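Structural overview
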Amino acid sequence: MTLIPPDFTTDPDATDAKRPSWDEYFMSITDLVSSRATCTRRKVGAVLVKEKRILCSGYNGAPASVSHCRETGCLREQLNVPSGEKHELCRGVHAEQNAIIQAAYHGITVNGSVLYCTTQPCSICAKMIINAGITRVYYKEGYDDPLSLDMFAQAGVDLVRLDT
């Protein structure tokens, strides 16, 4: 993993005050996607992009046809599970997972794509991102999961924090 600072100088649109850079554009869409999240703890959105084209998006929430945490209450809160621990004790599917699942569902290849995400992926999502062939992850908010950072580094997936 290489922590790469965003380089807006390589984007010719970044100098146009009326037009967002590609990174700003995709991250703003990721913010909008996160507004659909049904998690009561954290709203996360993810957008998969290849060659400046959106492939798929995802947000965190319960699987299709399963009651959302907004309806049932948060199992993790009921069990006093701290953030970043015991990911399996949750009704929700993470935004990154949902984006990858949606791509698979619709037969869209994500190998070589880039992921924009409102929050740094956890270690479970990192495994899926690596095995899906996603080459770079842009995110806004950090997440305390050193294992995900280590796996991204070993796999050569670039992790870029954007302050948009």
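Data block above holds the structure.
Description of the structure in this document. Computed from a predicted structure; not experimentally measured.

Pairing of strand E3 (residues 114–119) with strand E4 (residues 136–141) involves five bridges; the strand directions are parallel. Note that in E4 the partner of Leu 115 across the bridge is Val 137. Crossover connection from E3 via helix H5 (residues 123–132) to parallel E4: handedness right-handed. For E4 and strand E5 (residues 158–161), the ladder comprises four bridges, and the chain directions are parallel.

This part takes up the environment of Val 137. Mapped onto the fold, Val 137 is located in strand E4. Overall, the relative accessible area of 0% leaves Val 137 in the buried class. Once the C-alpha coordinates of Val 137 and Val 157 are considered, the two residues, 20 residues apart in sequence, prove to be 7.4 Å apart.

Running from N to C, H5 and helix H6 (residues 146–155) point in directions that differ by 15 degrees, and their axes come no closer than 8 Å. As summarised for this structure, H5 and H6 are arranged roughly parallel, according to the angle between their axes. Considering only the axes of H5 and H6, their crossing is right-handed. On H6, the residues touching Ser 123, Ala 126, Lys 127, Ile 129 and Ile 130 of H5 are Leu 147, Ser 148, Met 151, Phe 152 and Ala 155.

What follows covers the nonpolar core. Nonpolar side chains in soluble globular proteins generally cluster together in the buried interior. Counting 24 residues, the largest nonpolar core has Leu 48, Leu 115, Ile 129, Ile 134, Val 137 and Phe 152 as its most contacted members. Among the elements of the structure, strand E1 (45–50), helix H4 (95–105), E3, H5, E4 and H6 are those that each provide at least two residues to this core. Excluding residues within four positions of it along the chain, Ile 134 makes contact with Leu 48, Ile 100, Val 110, Ser 113, Val 114, Leu 115, Ile 129 and Val 157. With 10 residues, the next largest nonpolar core counts Val 49, Tyr 116, Tyr 138 and Leu 162 among its residues.

Cut-off values and rules
- Residues numbered from 1 in each chain as written.
- Predicted model: local features only at pLDDT ≥ 70, side-chain atom pairs only at ≥ 80, totals over all residues.
- Heavy atoms only, no water.
- Pairing = 2+ DSSP bridges.
- Helix = DSSP H or I, 4+ residues; strand = E, 2+ residues; numbered from the N terminus.
- Right-handed = clockwise from strand over helix to strand, strands pointing away.
- Buried < 20%, exposed > 50% of the residue type's maximum accessible area, 1.4 Å probe, protein only.
- Axes fitted to C-alpha atoms, helices over the stretch in contact; angles between N-to-C directions.
- Parallel < 35°, antiparallel > 145°, perpendicular 65-115°, else oblique.
- Left-handed = near helix turned anticlockwise from the far one by under 90°.
- Contact = heavy atoms within 4.5 Å.
- Core = buried A, V, L, I, M, F, W, Y, C linked by side-chain atoms within 4.5 Å.

As far as function goes, none of this settles anything; it's purely spatial.
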